[in-house]
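# Fold and geometry: a report
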Amino acid sequence: MIRFRAGMKRLWGDRRALAPIVASLALGLAGFTTIDLLRTSIDASIAMRGQGLLGGDLGMTARRELMPEEVTAFREAFARLPGSHVLETSVETYTMVTGNQSRLVDVRGVGADYPLYGSLEMRRADGKLEQLGPGAGKELNLPHLTGKSPIWVSPELALQIGAIHGSSVTFGGKPFVVSGIVEDSSLNSWRGFSLAPTVWVSEAALRATGLIRQGSTATSILRGRIGAENAPLLAEQLKSQL
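What you see is a predicted model, and the numbers here were worked out from it, not measured in a lab. (Residues numbered from 1 in each chain as written. Predicted model: local features only at pLDDT ≥ 70, side-chain atom pairs only at ≥ 80, totals over all residues. Heavy atoms only, no water.)

### Focus: the packing of aromatic side chains
Under the counting rule described, the total for this entry stands at one aromatic pair. Relative to F176, the ring of F171 lies with its centre 4.2 Å away and its plane at 5°, an arrangement referred to as stacked. With a relative accessible area of 1%, F171 lands in the buried category. (Phe/Tyr/Trp six-rings, centres within 6.5 Å; stacked < 30°, edge-to-face > 60°. Buried < 20%, exposed > 50% of the residue type's maximum accessible area, 1.4 Å probe, protein only.)

Structure below.
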């Protein structure tokens, strides 16, 4: 202790020796503060982008139709949470679509609240790009002027089958009309590689084709917007029930 005090007195008396130490401490503190701020920023960015990539705060997916008891448990668990929350259902399958040519497509039947998070970049008939955010699926759930159900298509599919805005295409024995071309979408990219270009349509219109039935190869998805802070606890509750 005596040696420590003596050393401190000598340092305090020699300001030139003390200055580098103070500078090093200040630099170290600034570095720690910067790292902490960066970590916080990265965490916030990942959380925000993750919601868009996953399509919600919490979801349930099955390579079949979800059972009524599964959907009921999911909805009841959400209803017990404080505040307002949104549930969105969708179903996906592969089929052939016919325009000027026929191609295999990944058809995504979505609800009016799609997407819960994230956005799509849509090219309209006038060539302008439009950013569509949460709830863009309402457009697909409204009747088109032609009386046919509207669909959105990926640009590669539009090129392959010669489709433009207003083009009529057929799948599942039903006619549809192209109302938009989705130039960019990161939604659900966590699912990785897809075997075919994508078509977006209302879930009701997809089910009306008869492509989604007992024994068909389809993926059912139930997602919720509940706030990221509620997701871990709710996930554990659902695991114990299902």
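### Quick notes on helix α3 (residues 68–79)
An α-helix turns once every 3.6 residues. As a result, residues three or four positions apart point the same way. Taking 1.5 Å as the rise per residue, α3 with twelve residues should run 16 Å; its terminal C-alpha atoms sit 16 Å apart, in good agreement. Of all the residues in α3, the buried ones are E70, A73, F74, A77 and F78. In a view along the axis of α3, the buried residues occupy a sector of 130°, so they form one face of it. Of the residues in α3, the exposed ones pointing more than 90 degrees away from the buried face are P68, E69 and A79. (Helix = DSSP H or I, 4+ residues; strand = E, 2+ residues; numbered from the N terminus. Expected span 1.5 Å × (residues − 1). Arc of directions from axis to C-beta.)

### Things to note about the environment of I164
The topology assignment puts I164 in the loop between α4 (155–161) and β7 (168–171). Taking the C-alpha atoms as reference, I164 lies 8.1 Å from A125; in sequence the two are 39 residues apart.

### Re the side chain of E203
Of note, E203 is situated in helix α5 (residues 203–208). Within the local environment of E203, its side chain forms a polar contact with the side chain of T89, the two groups lying 2.8 Å apart. Residue contacts for E203: discarding those within four places in its chain leaves T89, S90, V91, G109 and V110. (Polar contact = N/O pair within 3.5 Å; in protein donor to acceptor, adjacent residues only side chain to side chain. Contact = heavy atoms within 4.5 Å.)

### Notes on the pairing of strand β8 (residues 174–185)
Relative to β8, strand β4 (residues 120–123) runs antiparallel, the two sharing four bridges. Across the sheet, M122 pairs through a bridge with V182, a residue of β8. Judged from the five bridges that link them, strand β6 (residues 149–153) and β8 form a sheet pairing that is parallel. Counted as the bridge partner of W152 is G180 from β8. Direction of pairing for β7 relative to β8: antiparallel, over a ladder of four bridges. Looking at β8, one finds that T170 is bridged to P175. Count of turn residues in the β7/β8 antiparallel hairpin: two residues, of which G172 carries a positive phi of about 65°. (Pairing = 2+ DSSP bridges.)

### What to know about the nonpolar core
Of all hydrophobic cores here, the largest spans 22 residues; its most connected members are I151, V153, F171, V201 and L206. Among the elements of the structure, β2 (86–98), β3 (102–110), β6, α4, β7, β8, β9 (198–202) and α5 are those that each provide at least two residues to this core. Setting aside its immediate chain neighbours within four residues, V201 contacts V107, R108, G109, V110, L140, P150, I151, F171, F176 and L206. If you look at the next biggest cluster of nonpolar residues, it comprises 14 residues, including L58, A62, F78 and L81. (Core = buried A, V, L, I, M, F, W, Y, C linked by side-chain atoms within 4.5 Å.)

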